[in-house]
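Below, each chain spelled out in residue letters.
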Amino acid sequence: MLTVAETPAAQLRHLEPSQDIEPPSTTTPRVLTILSYVLEKLVTRNDKLVLDTTRAGNSLSAFHGVRAPGISLSNYMERIYKYTSCSPSCFVVGFVYIDRLVHKYPDSLVVSLNVHRLLVTSVMVASKILDDVHYNNAFFARVGGVSNAELNKLELELLFLLDFGVSVSSRVFESYCQHLEKEMLCYGGAVERPPLMNTIDDVTEISVEDTQISSPSHAFD
């Protein structure tokens, strides 16, 4: 496991992957494409609901920022995959966690203000469950554009919101893969089902505004 010193807040505001996290040559799996498509569809719908109702619930407030990040969800997901080398299954299981939150806290919506933090936290937790070798929180924080301290806090927040229910059976995993396959058919194309097991442009800057009081104001910029 690689140990990386916490990146200062000033560097997080203009995060550039340093030489010690130079990624291997990777091709983005199609399952990431459909996952970003599904999440973007959900966020677009929920953003409109928030505008209409002016309510988004408080259960996910720890993941909220003041403004939506400047990086698209698809590019953010590709960035996480590219630099952390997580298995594609981690992204599916991370999606399972987010979906569990949606059903457990229906008053709290996944919106553009919180989806990036939810994603990087969920994928990181999934990588600890599934992958034999994974990076530590500090490394994920650098890749995700947050401070190590905030990501530690968000990890605990996620675990408590899920009541530490982070196990995903093969049956549940299979059902989510089937759902994604159906979405892919609507989207166009086919998605290769990743096994459940223990060319994109470099993203050189993550621009996310200061968080609300529930989250450290310097951490995600």
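It should be emphasised that the depicted structure is a prediction, and the values quoted were computed from it without experimental measurement. (Residues numbered from 1 in each chain as written. Predicted model: local features only at pLDDT ≥ 70, side-chain atom pairs only at ≥ 80, totals over all residues. Heavy atoms only, no water.)

Caption draft 1: Quick peek at the packing of helix H4 (residues 88–104) against helix H5 (residues 115–130). Running from N to C, H4 and H5 cross one another at 120°; their axes reach a closest spacing of 8 Å. Judged by the angle between their axes, H4 and H5 are oblique. You can see that H4 and H5 cross each other, and the crossing is right-handed. Along its contact with H4, which presents Ser89, Cys90, Phe91, Val93, Gly94, Tyr97, Ile98 and Leu101, the element H5 presents Leu118, Leu119, Ser122, Val123, Val125, Ala126, Ser127, Ile129 and Leu130. A breakdown of the residues in the contact of H4 with H5 according to their chemical character gives 13 nonpolar, four polar and no charged. (Axes fitted to C-alpha atoms, helices over the stretch in contact; angles between N-to-C directions. Helix = DSSP H or I, 4+ residues; strand = E, 2+ residues; numbered from the N terminus. Parallel < 35°, antiparallel > 145°, perpendicular 65-115°, else oblique. Left-handed = near helix turned anticlockwise from the far one by under 90°. Contact = heavy atoms within 4.5 Å. Nonpolar A, V, L, I, M, F, W, Y, C, P; charged D, E, K, R; others polar.)

Caption draft 2: The environment of cysteine 86, seen in detail. Mapped onto the elements of the fold, cysteine 86 is located in the loop between helix H3 (73–84) and H4. We classify cysteine 86 as buried; its relative accessible area is 4%. When the C-alpha positions of cysteine 86 and valine 133 are compared, they lie 9.0 Å apart, and in sequence the two are 47 residues distant. Residues within four places of cysteine 86 in sequence aside, it is in contact with Tyr81, Phe91, Val123, Ser127, Asp131 and Phe140. (Buried < 20%, exposed > 50% of the residue type's maximum accessible area, 1.4 Å probe, protein only.)

Caption draft 3: Highlighting unusual backbone geometry. A positive phi angle, close to 55°, is found at serine 85, a residue other than glycine. Assignment of secondary structure puts serine 85 in the loop between H3 and H4. For serine 85, a relative accessible area of 43% puts it in the partly exposed group. Its identity is not glycine, yet aspartate 163 carries a phi of approximately 55°, on the positive side. Position of aspartate 163 relative to the elements: it lies in the loop between helix H7 (148–161) and helix H8 (170–187). Taking relative accessible area as the criterion, aspartate 163 reaches 54% and is therefore assigned exposed.

Caption draft 4: Here's a closer look at the packing of aromatic side chains. Under the counting rule described, the total for this entry stands at four aromatic pairs. Ring centres of tyrosine 135 and phenylalanine 139 lie 3.8 Å apart, and the angle between their planes is 15°; on these two criteria the pair is classed as stacked. For phenylalanine 139, a relative accessible area of 1% corresponds to the buried category. (Phe/Tyr/Trp six-rings, centres within 6.5 Å; stacked < 30°, edge-to-face > 60°.)

Caption draft 5: Expanded view of the pattern of salt bridges. On inspection of all chains with the given rule, the structure shows four salt bridges. Here glutamate 183 and lysine 41 are joined by a salt bridge, their closest N and O atoms 3.2 Å apart. One end of the pair, glutamate 183, is in helix H8; the other, lysine 41, is in helix H2 (residues 30–53), with 142 residues separating them in the sequence. Residue classification places glutamate 183 among the buried positions, given a relative accessible area of 15%. (Salt bridge = Lys/Arg side-chain N within 4 Å of Asp/Glu carboxyl O.)

Caption draft 6: Quick peek at helix H6 (residues 137–144). Within H6, eight of the eight residues are buried, which leaves the element mostly enclosed by the surrounding structure. Along H6, the positions that sit buried rather than exposed are Asn137, Ala138, Phe139, Phe140, Ala141, Arg142, Val143 and Gly144. Within two residues after H6, glycine 145 carries a phi angle of roughly 80°, on the positive side.

Caption draft 7: Representation of H5 within the structure. Over its 16 residues, H5 runs 22 Å from end to end, which matches the ideal 22 Å to within 8%, given 1.5 Å per residue. Summarising burial for H5: 14 of the 16 residues are buried, a large majority. (Expected span 1.5 Å × (residues − 1).)

Caption draft 8: Examining the packing of H5 against H6 more closely. Two elements in contact, H5 and H6, have axes separated by 11 Å at closest approach and are oriented at 150°. Two packed elements cross with a definite hand, and for H5 against H6 that hand is right-handed. Seen from H5, the contacting residues are Val120, Met124, Ser127 and Lys128; seen from H6, they are Asn137, Phe140 and Gly144. Of the residues in the contact of H5 with H6, the class split is three nonpolar, three polar and one charged.

Caption draft 9: Focus on the confidence of the model for the chain. Averaged over the chain, the pLDDT score is 78; the fraction of residues at 70 or greater is 70%. Contacts from residues 1–20, a stretch scored under 50 in pLDDT, to residues over four places away or in other chains number 46 contacts. In this model residues 197–221 is a low-confidence stretch, pLDDT under 50, and it forms 92 contacts with partners more than four residues away in sequence or in other chains. (pLDDT = per-residue confidence, 0-100.)

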